[in-house]
Structure formats: structure tokens, C-alpha cells
Amino acid sequence: MKTCYKLAFVSNYINHHQIPFCNAMNRLTGGNFTFIQTEPMEEQRVRMGWNQEDRPSYVKCFYEEEAACRRLILDCDMVVFGGTDEESYIVPRLKERKPVIRYSERLYKTGQWKAISPRGLKKKYHDHTRYRKEQVYLLCAGAYVASDFGIVRAYPGKKYCWGYFPETKHYDVDRLLAEKGYGKEKVPCLLWAARMIDWKHPELALKTAKYLKDKKLSFHMNIIGDGELYSQMEEMLERDELEDCVSLLGYKAPADVRRYMEEADIFLFTSDRQEGWGAVANEAMNSACALVADHLIGAVPFLVVNGENGFIYRDGDAKQLFALAEKLVKDRALCRSAGRKAYATIAGVWNAENAAERLMELIRGILNPEEEMVGNKAASKAVTGNLEGQLPYTPCMPAPVLGERYRRKS
């Protein structure tokens, strides 16, 4: 029986968030893995440090080797397809009724009410719903993806938990936690890092800082990022007289952002529902930060057990965000406990190596359905410490249909 499969991953372009997973897949297939890049990376992403000087040997560019890429997409054992709106790459394979695993962020990032659009529903039927009875499966890169695709009745019983898997670093977590804090006094250090655009809400970081300062708490906040709202952030910083406790650092390369995460006690993740996944959550948790995050961010329900390995606030509820930040600044023991469990979540379960292994199990089950599926029991046991048994979602387990209503910690 065939155990080593030839796989292709078709997406717009490879970046530093995908390379660890692709490396793991290449290893597991014994080199029978190809990433097919369909377009050059946008200049904005290149300036942000996403481009790689030397692309991995398993990358082929569709726009450079079209004929070879088309043959590979059609002939390989399995194709993972997503990250591009152009369906033509995968249509020949679908017409031949060969198996495909799609991956997608949510369909309705700005509101599920958009599902009433007849034009939108027609396209969703054409791209997704008509394959509901075929060997087409869906990796849900976000906790609300299954709900969105459920609205259009696509992939029934064939939707699986997924996400993004940036580099996982392995630390002496006791030492990492002991060295966290800002300055010689090691006051609590908060961090915010993202593009400064409206739906990432950088203003909430400064509002949190003002709240903490008004409470006369000792802390420091680093804010990393650039974008259209940067000048407004500078004005807010000066207006609220926060220069003594907030550093507005501008753009930093991804490697530098990780170093700031290693120093931070608390990471504020303030995006709204338009954040389909949010790989910064993986990176901050991997750096043993106590994550404080909006409940509608796609990664949050999959990664965070509220009050254990992170803290979730209701979308739009700034007061709850402020209160959680205050609680963690005051209670360093709670902050470090959450950071330790956050690190275990990423190092043990939500990482590229484990995701690749679970995906290979899923692929084996699809291509050889007579084989018993191992499932994700081993993965759920991989979380160490007090979080063991509490992490409800693991890569490639059947995706739950989660509603958008905020759920308080029980």
C-alpha cells in the first residue's frame, strides 16, 4: 500500500508564516512536496520583510513554469489549495473529480449578513457548494470559518480545524519568564504590534495605556507598526501625555518583533472580526506572553482557553480590555502562569510540525479510507502543565460551528 504521497500546495506566494509548515510537509513526504506560487509578492509585503532572499527548493512559480505546474496540480496525489481567489488553477483537477483539500479564512469577515447577496451566493455555489458531495475538503483557517461555510451549505462533514503556523521557537521557559519586563526595575511590559490600519485598532493600545496610567500603575508599553494611522497615534501619544510610559517604535522587521515579544509580559491583540486568523497570536504565545485578545479574531477560540493560557474580551468592549490589562499588570504571578501555558499551547500543539503530521493523517484517511484514522488524541495530550486536557481544538480535528456571540469564561 502506498504510504508516501506526492503533494502540492497551491497559494499566492510563500512567506515566513508558511515556510515552517511547508518544510515539515517536505520532510514528511520525503521531498515529494511542491509549493506552487501563483503570483509575485506585493511590494508592501516585501518592504515589511516577508520576502525571502533564497526561496526554498520545493517552490515552483506558476508564472515561470506554467506547463509543469499545471501537470503537477493535475497528477499529484493531493492538492492543498487556497490563498488565491483565482479558481482556474484547480478547475481541471476538480473536473476530473480528483481529491482536493482547500484552506480558507472566513467568507464573511465584515458580517454574515452579506450572505443574503444573490450575486455572492451564486459565486459561493460555483466555487464551493456544488462540490459538497465530491472529494473536496476544507481546512478552516479560523474559528468562524465553519460557520460561514455552513451558511452556504458547503463541505458538510468535511471541515477541519486549521490556522497559520509561523516558526515555533523552543525556550527554557523558566528563564524566558524570569527575564521579562521593561528596564532595570523590570516593570510590567505590554506590547502591541501590527499594521496601523482601522480594523486592527491601534488606538486601543494607547487607550489602554492611558487607563493604566490614570490608575497610577507602573508599566511600560511598546507599540510596533506603521501605516495610515501612525500620525494619529503620534497625536494621541502627545495629547494624553503618555511619552513617559509608551514607546512608539514604528516599523520593525519580523525577527525584531519576536525579540520584543520575548521581553513582553502582556501582548494586546486588538483587531476586530476582519482578522481572519492572526499569526501574531501564535508568535506572542510562543514567546510566553499573556495574550489579551478580541473574541472575533479567528485564531482566538482555537488557541485560547479563556483565563488559562490567555484572556479574551468581547469585541468592542474597551472597558473589558482595560480591566484585563489592569488585572495582569497587578498580578505578575497570574500573568506568568498564563504565559507559561500559552507557550505550552504552541510548543506542544499549534505548531507546524504537529499540524503537518495531523494533515498527513487526514490525507492518508482520504486516499486510503479503509485505514483507521488515528485522529488527534495524541495531539490533545501534547499540551503540558496545568493546561493538559483543557485545549478543546487541535489541528485537523473536525471543525466546530462556532457562533459569533461572546462566551464568558465558565
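Just above, that's the structure.
Residues numbered from 1 in each chain as written. Predicted model: local features only at pLDDT ≥ 70, side-chain atom pairs only at ≥ 80, totals over all residues. Heavy atoms only, no water.

> Teacher, can you tell me more about the pattern of salt bridges here?
Side chains bearing opposite charge may pair, as long as their charged atoms lie close to each other. This structure, assessed with the given rule, holds 26 salt bridges. Across the pair glutamate 404 and arginine 106 runs a salt bridge whose closest N-O atoms are separated by 2.5 Å. One end of the pair, glutamate 404, is in the segment after α16 (377–380); the other, arginine 106, is in the loop between β5 (100–104) and α5 (118–127), with 298 residues separating them in the sequence. In this structure, glutamate 404 engages arginine 273 in a salt bridge whose closest nitrogen and oxygen atoms are separated by 2.7 Å. Taken as a pair, glutamate 404 in the segment after α16 and arginine 273 in the loop between β11 (266–269) and α11 (279–286) lie far apart in primary sequence, 131 residues in all. Accessibility expressed as a relative area gives 23% for glutamate 404, which makes it partly exposed. When its relative accessible area of 15% is taken as the criterion, arginine 273 is described as buried. (Salt bridge = Lys/Arg side-chain N within 4 Å of Asp/Glu carboxyl O. Helix = DSSP H or I, 4+ residues; strand = E, 2+ residues; numbered from the N terminus. Buried < 20%, exposed > 50% of the residue type's maximum accessible area, 1.4 Å probe, protein only.)

> Looking at this structure, how should I read the side chain of glutamate 361?
Counting through the fold element by element, glutamate 361 comes out in helix α15 (residues 352–367). Classification of glutamate 361 as buried rests on a relative accessible area of 12%. Within the structure, glutamate 361 has its side chain in polar contact with the side chain of arginine 358 (distance 2.6 Å). (Polar contact = N/O pair within 3.5 Å; in protein donor to acceptor, adjacent residues only side chain to side chain.)

> What is the right way to read the pairing of strand β12 (residues 290–294) from this model?
Along any regular strand the residues' side chains alternate between the sheet's two faces. Counted residue by residue, β12 has five buried out of five residues, so it is predominantly covered. The pairing of β11 with β12 spans four bridges and is parallel. Each residue of the ladder has a partner; that of isoleucine 266, found in β12, is alanine 290. On the question of chirality, the crossover connecting β11 to the parallel β12 by way of α11 is right-handed. (Pairing = 2+ DSSP bridges. Right-handed = clockwise from strand over helix to strand, strands pointing away.)

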